[in-house]
Every structure is written in C-alpha cells, then in structure tokens.
Amino acid sequence: MSLSSPPLPAAARTPVLQTKLPAVGTTIFTVMSALAAETGAVNLGQGFPDFHCDPALTQAVTDAMAEGLNQYPPMTGVAPLREAIAAKLDAWHGPHGGRHYDAATEITVTAGATQAIITAILAVVRPGDEVIVLDPCYDSYVPNIDLAGGTAVRVPLIPGSFRPDFDRIAAAIGPKTRAILINSPHNPSATVWRAADMRRLEEMLAPTDVLLISDEVYEHMVFDDQPHESAARYPGLAARAFIVSSFGKTYHVTGWKVGYVAAPAPLTAEFRKVHQFNVFTVNTPMQHALARYMADPRPYRELPAFYSAKRDLFRAGLARTRFRLLPSEGSYFQCVDISQLAVPERALGEAEFCQWLTREIGVAAIPLSAFYGDGFDQGVVRFCFAKKDETLQDALGRLARL
Ligand SMILES: Cc1ncc(COP(=O)(O)O)c(C=O)c1O
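Since we're looking at a predicted model, the values are computed, not measured. Every chain is numbered independently, its residues counted from 1 as its sequence is written. Where totals are concerned, whole chains, interfaces and linings use all residues; where local detail is concerned, this predicted model gives features only for residues with pLDDT of at least 70, and gives and counts side-chain atom pairs only at 80 or more. The basis for the side-chain values is all heavy atoms of the structure; hydrogens and waters are excluded.

Participant: Would you mind showing me how to read the packing of aromatic side chains here?
Facilitator: Aromatic ring pairs are described here by two measures, namely the spacing of the ring centres and the angle between the planes. Any two of the Phe, Tyr and Trp rings considered here, Trp counted by its six-membered ring, make a pair once their centres fall within 6.5 Å; the pair's planes then place it as stacked at under 30 degrees, edge-to-face at over 60, or tilted in between. A complete count under the given rule lists 20 aromatic pairs for this structure. Between Tyr138 and Tyr141 the ring centres are 6.0 Å apart and the planes differ by 65 degrees, which places this aromatic pair in the edge-to-face class. Only protein chains enter the accessibility calculation, which uses a 1.4 Å probe; a residue is then buried when its area is under 20% of its type maximum, exposed when over 50%, and partly exposed in between. For Tyr138, a relative accessible area of 27% gives the class partly exposed. Plain terms: the ring middles of Phe247 and Tyr260 are 5.7 Å apart, the flat faces sit at 50 degrees to each other, and that makes the pair tilted. Of this pair, Phe247 sits in helix α9 (residues 247-250) while Tyr260 is found in strand β8 (residues 259-262), placing the two residues 13 residues apart along the sequence. The residues Phe247 and Tyr260 share a single accessibility class, namely buried. The helix and strand labels rest on DSSP assignments: H or I over at least four residues marks a helix, E over at least two residues marks a strand, and numbering proceeds from the N terminus.

Below you can see the structure in the form of structure tokens.
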C-alpha cells in the first residue's frame, strides 16, 4: 500500500497561476500592525487615527439609513455630494485662480483614493506606456501601473530634503510617457510642494500630452499657514489632471473608503467608463452623510490647527531623544533619522530597526525603504501622529530612553 495520498482527480486540482504581480507580497503596514498587536506596542506605524470621528458625522449616516437611503446611488456619486465637493473646490481654490469643476461632468465619488488612483491609471495607461512616479511613493502606485500593462519610471525625490528633482523628472519624460503621479502633502516624507514646484511642473508639461495624477489625500493637513498648492490652482496642470482626495483622511474615517476625483470632462468621461465596471457605485448612506456634513467648512478648515498641535506635541517629546527630526510640513507623519541614537541598533537597516523598536521599545514605525522600488535605506523611519494625545504620550514615554 502506498503511503502517499492518491492523486486528486484533475477537476479537483487548483490550476497553477502565473502571478501578475510577482513583486507584491504582504505590505509592510500589515506586517508592522500585526507585530504591534502581537507585542502590545503602540502602533505609530500604519496611518490611521485611533480617535473617533465627529459624532455628528456618524449620526448623519444613521439618519440617512433611517430615511431609507440604502439602495444603489448614481454611478458617479449622489448629486448632493458631488455638488458639495464642487462648492468646496470653488470656495477653497477659486480665490487662488482655481479651476471650476462641474459637479455633473467633472466630479466622481470613489471608494477611497486607492480606487480613484487605480481607476485613473486603468483609464489612461496602455501596454507600453510609461508613468513617472517619484520615489519614495505610496505603495499602490506601481502595482496599479503594472496591472495596466504600463511601466513605472521611478525618479527619486532628492535624498535628505525629499524635494522634487526637476532635472531628473525632465530627463525621464519621453515619447512613451503617458502620465506622472505626484503626491503633496507627501506620504511618507511629510513635505509639501511649493508654488514654485507647481509652476515648474506646469512649464515642463506644457509642451507635452502627459497627464497628471495628483494624489492630494492630505490636502487639508498643511501646517504653519502654508497653502495647499493643489493642481486645481494651476490652469496648465488642472487641464490635464485627475485630482484625487479622500474623506477618510479629512474626516478621520479611513475605514469608510470614500474619496473623489476631480478632472476635466473628457478625462472624467474616460475615468467613469472604468469606474462603472470596477466598483460601479460607492455606499449610499455615507455619501449622503458626507454631503450634509460638508455644508459646514469648519471641520476641514480646523484640521491644520488640530494636527499641527499633535505634531508639535510629538516633536517636543522626540526632541528629548537622539532621533534627528525631519521637517513635517503636512500630512500626519513625522520622519526621523536614526543614525545618532544611543543604542547599537542604530546600525541596523531601517526594516530591522523597526522590528527591534516594536519588540524592544514598544513603538511601531515604518521604514522609509518600504516606499522605494530599490529598497533604498537612508536610516529614516516614519511615525504617524494621528493619535490621541495619550497615545502619543505613551509612545514618547517608551521612546524616551533613546
Ligand atoms: C498618499 C496616499 N494616497 C492614497 C491613500 C489611500 O487613501 P484611501 O484610504 O482613501 O484609499 C493613502 C492612504 O494612506 C495615502 O497615504
């Protein structure tokens, strides 16, 4: 009698797949959050708030559900929300020369920024096209480009300052370039593009047909009275841009996965063709709730003060350690250089250092190398300060021995 199990009938065998995304494994965010949970560490790794959203917002969802707003909404998003988004963009960017977006033909509600970005890429990128991304960058961009059959051309931001390197961007633009993806305020470096950066990009793209995907999910988190230089404010950029934002970031509801895309009508028309067949619609009661909540601009106008207070609290505590603090101009991230720490572990690579920090010090962080195509390791890690003040104090207490 054979000890091995009898061969399965062919019909019961799972066919062997050739992966479409060979470079993709479990993300560092999942790995670090799991390690933080397992070790009881304070999780300053993954970027999400540990505090509640405004109860008025959850009440608005409850109200919408009770009113029976529970069936499929229009494919493009419910009209009151598209109108509220258009009105916000007018009020915010209009006085700075911002483009006006038509709620009916130029705004689409999406299942978060993640779906907005992949949909924009699938709508415009064809096999053989190149898309420029600026490293370090958010982890979904490159797999999205791969799925569209395009090639990501990774141009590094200037190491140390994380400012755009326009000479290298210009050198990367060629006949195959279909689009460039930018992100300000920037995850992970917390830098913010200035007016001069936007003008330079506008001039560079002017003679081309290169499209722009502008990831502005942290648009309402720019500190120290600096403006958010949206692509909407630069006519030469707005005319070619998909501008992406996320209510998850703005209203502390990352799990709701609702965002939007603003783009000129011809771009929106193509975007919607893909959107129609990848999500079709986004949950109805949340959309109505967000539309009602947006009638009051104070929650997003107050966001810079809210988050800069957290940033300042966190930085003041970190200043008592040997971490070297990088600027945090926007977003809810703070990067630190580990090279001067008083522990031998400073010599570890970023990823090993983050594991050590989580296990031994009890605070989870994310290595910047995770945001680079080539794993570039500069001894910098990222903390998220979208946390209750008590959480930040707890983390600072643990980090104090560094
Ligand atoms: C730069 C950037 N883009 C997009 C997203 C995704 O946003 P959403 O949760 O709305 O899909 C994130 C979330 O962390 C992000 O940091």
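So that's the structure; there's more coming.
Participant: Honestly, the packing of helix α2 (residues 55-66) against helix α11 (residues 284-293) in this entry has me stumped. Any pointers?
Facilitator: How two helices sit against one another is set out by the angle between their axes and by the gap between those axes. Angular values range over 0 to 180 degrees, each being the angle between N-to-C directions of two axes fitted as lines to C-alpha atoms, with helices fitted over their stretch in contact. Two numbers describe how α2 lies on α11: the axes approach to 8 Å, and their chain directions differ by 130 degrees. Considered as vectors, α2 and α11 are oriented oblique to each other. In this structure, α2 meets α11 at a crossing whose hand is right-handed. Contacts between α2 and α11 involve Ala56, Leu57, Ala60, Val61, Asp63, Ala64 and Met65 from the former and Pro285, Met286, His288, Ala289, Leu290, Arg292 and Tyr293 from the latter. Residue polarity follows a fixed list, in which Ala, Val, Leu, Ile, Met, Phe, Trp, Tyr, Cys and Pro are nonpolar, Asp, Glu, Lys and Arg are charged, and the others, Gly among them, are polar. Its residues placed into classes, the contact of α2 with α11 shows 11 nonpolar, one polar and two charged. Between 65 and 115 degrees an angle is taken as roughly perpendicular, under 35 as roughly parallel, over 145 as roughly antiparallel, and anywhere else as oblique. With the far helix as reference, a near helix turned anticlockwise by less than a right angle produces a left-handed crossing, and one turned clockwise produces a right-handed crossing. We call two residues contacting when some pair of their heavy atoms lies within 4.5 Å.

Participant: So what exactly am I meant to see when it comes to the confidence of the model for the chain here?
Facilitator: In low-pLDDT segments, the atomic positions of the prediction should not be examined closely. Of the residues in the chain, 98% reach a pLDDT of 70 or more, and the chain-wide mean stands at 96. Within the chain, the element-level pLDDT minimum falls on helix α1 (residues 28-39), averaging 91, and the maximum on strand β6 (residues 211-215), averaging 99. The predictor's confidence in any single residue is recorded as pLDDT, a number from 0 to 100.

Participant: Is there a simple way to explain helix α14 (residues 350-361) in this structure?
Facilitator: For an α-helix the count is 3.6 residues per turn, leaving residues at separations of three or four pointing the same way. Along α14, the residues classified as buried are Glu350, Phe353, Cys354, Trp356, Leu357, Thr358 and Ile361. Tucked into the core, α14 has its buried residues touching α1, β11 (363-364), β12 (366-367), β13 (380-384) and α15 (389-399).

Participant: Is there a simple way to think about the state of the cysteines in this case?
Facilitator: As used in these notes, a disulfide is a covalent bond between sulfur atoms, one from each of two cysteines. Disulfides are defined as pairs of cysteine sulfur atoms found within 2.5 Å of each other. Applying the stated criterion to the full structure yields zero disulfides. Free cysteine Cys335: the closest other cysteine sulfur is in Cys354, separated by 10 Å. Left without a disulfide partner, Cys384 is nearest to the cysteine sulfur of Cys335, which lies 11 Å away. Classification of Cys384 as buried rests on a relative accessible area of 0%.

Participant: Looking at this model, I keep getting lost on the site of the ligand. Mind explaining?
Facilitator: By convention in this text, a residue qualifies as near a molecule or strand provided that one of its non-hydrogen atoms is within 4 Å of it. All residues adjacent to the ligand are Gly112, Ala113, Thr114, Tyr138, Asn183, Asn187, Asp215, Val217, Tyr218, Ser246, Lys249 and Lys257. In the environment of the ligand, an oxygen atom lies 2.8 Å from a nitrogen or oxygen atom belonging to the side chain of Asn187. For the ligand, an oxygen atom lies 2.7 Å from a polar atom in the side chain of Ser246. Residue-level accessible areas treat just the shown protein chains as cover; the underlying method is Shrake-Rupley with a 1.4 Å probe. Contact with the protein chains covers 93% of the free accessible surface of the ligand, which is 390 Å². It is helix α4 (residues 112-124) that contributes the most residues to the shell around the ligand, three residues altogether. The residue makeup of the shell around the ligand, split by class, is four nonpolar, five polar and three charged. Throughout this description, a polar contact denotes any pair of N or O atoms lying within 3.5 Å of each other; where both atoms belong to protein, one of them has to be capable of donating a hydrogen while the other can accept it, and for residues adjacent in sequence the pair is counted only when both atoms sit in side chains.

Participant: Any chance you could explain the side chain of Arg163 here in plain terms?
Facilitator: One can find Arg163 in the loop between β4 (151-156) and α6 (166-172). When sequence neighbours within four positions are dropped, the list of residues in contact with Arg163 reads Leu157, Ile158, Thr191, Val192, Trp193, Arg194, Asp197 and Glu329.

Participant: Is there a simple way to think about unusual backbone geometry in this case?
Facilitator: Here the bond from Asp135 into Pro136 is cis, since omega is 5 degrees, no more than 30 degrees from zero. The topology assignment puts Pro136 in the loop between β3 (130-135) and α5 (141-147). A positive phi is found at Phe280, a non-glycine position, where the angle reads about 70 degrees. Assignment of secondary structure puts Phe280 in the loop between α10 (265-278) and α11. Here Phe280 falls in the partly exposed class, since its relative accessible area comes to 35%.

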